[in-house]
Amino acid sequence: MLFESGRNGNVHVTATNSISQQADIPQFDVGLIDSGVGGLAVAREIQNLNSSVQIGYFADTAVFPYGDKNSIQVADRIDFLATKFVEAGTRLLVIACNTGSSAGLRSIRRKFAREGIQIVGMEPPLKPAAIHSRNKSVAVVATLGTVSGQALTNLRDRVATDTATKFIAASGLASSVERGELTGKDLDAVLQELLNLISSDGVDSVALGCSHYSFVYDQMRKALPDGVKLFDAAFPVAKRTLELWTKSRSSDDVIDVSNPISVFVTGDPDGFVASVARLETAGCMIPMVSVNPVPLPIN
Ligand code: DGL
């Protein structure tokens, strides 16, 4: 058994067997899926709202970054990991990843509809960004996969028809965050592009369309002019999750004490732990996690 502790003593690594055996992954109140650390921003918000929710979390770092993969490959991974949670009895899932939701949400909703599995997806917060834009000029910053996916175009056509919407593929930014590096040329390039858009097109409202970007929210907020609004989806996704979770519980359910989030890392668990520690050192609020290495076959 392997045990490690992060800077604040709250990162624990426990060796487990492969989850190819169904019994190896327990049932959770909520199962979150992301390609890496990004969904921890959603998990943190869920725990802030209710610390008794038992959260399982797949960090699919073996396939990170989703943003550069084709949508079929990403959809297959989402299906694969969602199925692991469902097989273990988890009935509320959160795809805490915009790229994963864009590629795979529809098909897993269809797949699990009959079983009554509830699935919360994540999409760029374009609706509030458009509503709060005075100039009717908005930017969405996301991965290449999200920016080029049909889901974002559909979202724009649904919620922002009266608004000029620029999509920015922030190449490399999620990877920097995944390494725990919250400064550097990828962030600078995104900020420069946003500043250019603000001066040329009057963009006054920005939607962050990748769960990893929650961890650079403060840096972006500081760099953008005061009048520019910045929207992140971690909190609304957590709120929706809690609504569903609360409805699904019977009133005599016992409220458990708060537990760490059980993270199942498909790639290198040490790298994951190191990144989380770096994010903490950089000042990010990270929920308490227990990290389980789970080598999964790459399908
Ligand atoms: N966290 C993922 C998202 O919200 C992206 C990171 C990646 O490219 O894997 O889109």
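Cut-off values and rules
- Residues numbered from 1 in each chain as written.
- Predicted model: local features only at pLDDT ≥ 70, side-chain atom pairs only at ≥ 80, totals over all residues.
- Heavy atoms only, no water.
- Helix = DSSP H or I, 4+ residues; strand = E, 2+ residues; numbered from the N terminus.
- Buried < 20%, exposed > 50% of the residue type's maximum accessible area, 1.4 Å probe, protein only.
- Contact = heavy atoms within 4.5 Å.
- Areas by Shrake-Rupley, 256 points an atom, 1.4 Å probe, with all protein chains shown as cover.
- Disulfide = S-S within 2.5 Å.
- Axes fitted to C-alpha atoms, helices over the stretch in contact; angles between N-to-C directions.
- Parallel < 35°, antiparallel > 145°, perpendicular 65-115°, else oblique.
- Left-handed = near helix turned anticlockwise from the far one by under 90°.
- Pairing = 2+ DSSP bridges.
- Expected span 1.5 Å × (residues − 1).
- Arc of directions from axis to C-beta.
- Core = buried A, V, L, I, M, F, W, Y, C linked by side-chain atoms within 4.5 Å.

### With respect to the overall build of the protein
Thought 1: From N to C terminus, the protein includes eleven helices and eleven strands.
Thought 2: The buried share among the 299 residues of the protein stands at 54%.
Thought 3: Sequence separation of 24 or more characterises 80% of the internal contacts of the protein that already satisfy a separation of 6 or more.
Thought 4: For the protein, the accessible surface area stands at approximately 12900 Å², while carbon and sulfur atoms represent 51% of it.

### Overview of the state of the cysteines
Thought 1: This structure, assessed with the given rule, holds zero disulfides.
Thought 2: The thiol of cysteine 97 is not disulfide-bonded; the next cysteine sulfur, from cysteine 210, is found 6.7 Å away.
Thought 3: Take cysteine 97: its relative accessible area is 4%, and that puts it in the buried class.

### Looking at the packing of helix H2 (residues 71-87) against helix H3 (residues 98-112)
The description of two packed helices rests on the angle between their axes and on the distance between the axes.
Thought 1: Where H2 meets H3, the axes come as close as 8 Å, and the angle between the chain directions of the two elements is 50°. Compared by their axis directions, H2 and H3 come out oblique. Once H2 is placed against H3, the crossing between them reads as right-handed. Between H2 and H3, the contacting residues are Ser71, Val74, Ala75, Ile78, Asp79, Ala82, Thr83 and Val86 on the first element and Thr99, Gly100, Ala103, Gly104, Ile108, Lys111 and Phe112 on the second.

### Focus on the pairing of strand S4 (residues 92-95)
Thought 1: Every second residue of S4 is oriented toward a common face, with Leu92 and Val94 on one face and Leu93 and Ile95 on the other, all of them buried.
Thought 2: Judged from the three bridges that link them, strand S2 (residues 30-34) and S4 form a sheet pairing that is parallel. Across the sheet, the residue bridging to leucine 32 is valine 94, located in S4.
Thought 3: Two elements, S4 and strand S5 (residues 118-120), share three bridges in a ladder whose sense is parallel. Its bridge partner lying in S5, leucine 93 is registered against isoleucine 119.

### What about helix H8 (residues 185-201)?
Thought 1: With 17 residues, H8 should cover 24 Å at 1.5 Å per step; its first-to-last C-alpha distance of 23 Å lies within 8% of that length.
Thought 2: Regarding H8, the residues found buried are Asp186, Leu187, Val190, Leu191, Leu194, Leu197 and Ile198. The buried side chains of H8 occupy one side of the element, clustering within an arc of 135° when seen end-on. The outward face of H8, more than 90 degrees from its buried face, is lined by the exposed residues Lys185, Ser199 and Ser200.
Thought 3: Close packing links the buried residues of H8 with strand S6 (137-142), strand S7 (164-169), helix H7 (173-178), strand S8 (205-209) and helix H9 (217-223).
Thought 4: After H8 finishes, the residue glycine 202 shows a positive phi value of roughly 65°.

### Description of the sheet that holds S6
Thought 1: As summarised here, the arrangement of the four strands in space is S7-S6-S8-S9, forming an open sheet in which the pairing is parallel. Here the strands that pair on one side only, and so sit at the sheet edges, are S7 and strand S9 (229-231). Neighbour-to-neighbour, the strand axes of the sheet open up by a mean angle of 20°, direction not taken into account.
Thought 2: In this structure, S6 lies alongside S8, joined through five bridges in parallel fashion. Residue pairing for S8: valine 140 is matched across the bridge by alanine 207.

### Remarks on the nonpolar core
A general trend in soluble globular proteins is that nonpolar side chains are found buried together.
Thought 1: Of all hydrophobic cores here, the largest spans 61 residues; its most connected members are Leu32, Leu40 and Val263.
Thought 2: Listed in part, the 25 residues of the second largest apolar core include Ile33, Ala82, Phe85 and Ile108.

Function cannot be inferred from these measures alone, as they are strictly geometric.
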